[in-house]
Amino acid sequence: MDDCIFCKIIKGEIPSYKVYEDEVVYAFLDISQTTPGHTLVVPKKHVKDIFEYDADLAAAVFARIPKIARAIKASDPAIEGMNILNNNGEVAYQSVFHSHFHLIPRYQDDDFRIQFVNKQEQYDDAKYQAVLDKITKQL
Ligand code: AMP
Ligand code: ZN
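Note that the structure is a prediction, hence the values are computed from the model and not measured.

## Brief notes about the site of ligand 1
- Inspection of the region around ligand 1 gives 16 residues, with Asp30, Asn87, Tyr93, Ser95 and His102 positioned closest.
- Between an oxygen atom of ligand 1 and a main-chain N or O atom of Ser95, the distance comes to 2.6 Å.
- Burial of ligand 1 by the protein chains amounts to 82% of its free accessible area of 500 Å².
- Of all the elements in the fold, those that place two or more residues in the shell around ligand 1 are α1 (5-11) and β2 (25-29).
- For the shell around ligand 1, the leading source of residues is α1, giving three residues.
- Taken together, the residues of the shell around ligand 1 break down into nine nonpolar, six polar and one charged.

Dropping the structure here:
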């Protein structure tokens, strides 16, 4: 895609700190370095978001992630864990509309924060079931 920043990075038209490349994915340091080693894994095929993947592309891209994740983790003994995030849509904080997976290494006392709010007390069986029915009838 012509005006896509990640397509330009993949083609080498914009510089990047390349971590890994093969025929399916291009991985490079996220410029923001939310934590040291923060890496983006990007399919070479331009897909906007998770909703545009077919099963083969999803399988091929995700198959690459553990190897890259292990390399990042092995790069620094201070890395104790990793968040893997994939934002889809502006409302979900996607800002570059070429799908990508964030690999965010986690260190003791780093300042990266994700907040999962537990709203379990607002749900009874009927409400879980209503949510479930809406989803499963689309599958
Ligand atoms: P998202 O908000 O999930 O769409 O993530 C987009 C990410 O791309 C952000 O974390 C940016 O820091 C990163 N980013 C944008 N432009 C570049 C670039 N030229 N090189 C590396 N990372 C970039
Ligand atoms: Zn693209």
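Read on for the rest.
## Re the side chain of Asn88
- For Asn88, the location among the structural elements is in the loop between β4 (79-85) and β5 (101-107).
- Looking at Asn88, the relative accessible area reads 16%, which means it is buried.
- A distance of 2.8 Å separates a polar atom in the side chain of Asn88 from the backbone nitrogen of Ile50.
- Side-chain polar atoms of Asn88 contact the side chain of Asn86, separated by 2.9 Å.
- Apart from the residues lying within four places of it in its own chain, the contact partners of Asn88 are Asp49, Ile50, Phe51 and Gln94.

About the thresholds
Residues numbered from 1 in each chain as written. Chains lettered and ligands numbered in written order. Predicted model: local features only at pLDDT ≥ 70, side-chain atom pairs only at ≥ 80, totals over all residues. Heavy atoms only, no water. Near = heavy atom within 4 Å. Polar contact = N/O pair within 3.5 Å; in protein donor to acceptor, adjacent residues only side chain to side chain. Areas by Shrake-Rupley, 256 points an atom, 1.4 Å probe, with all protein chains shown as cover. Helix = DSSP H or I, 4+ residues; strand = E, 2+ residues; numbered from the N terminus. Nonpolar A, V, L, I, M, F, W, Y, C, P; charged D, E, K, R; others polar. Buried < 20%, exposed > 50% of the residue type's maximum accessible area, 1.4 Å probe, protein only. Contact = heavy atoms within 4.5 Å.

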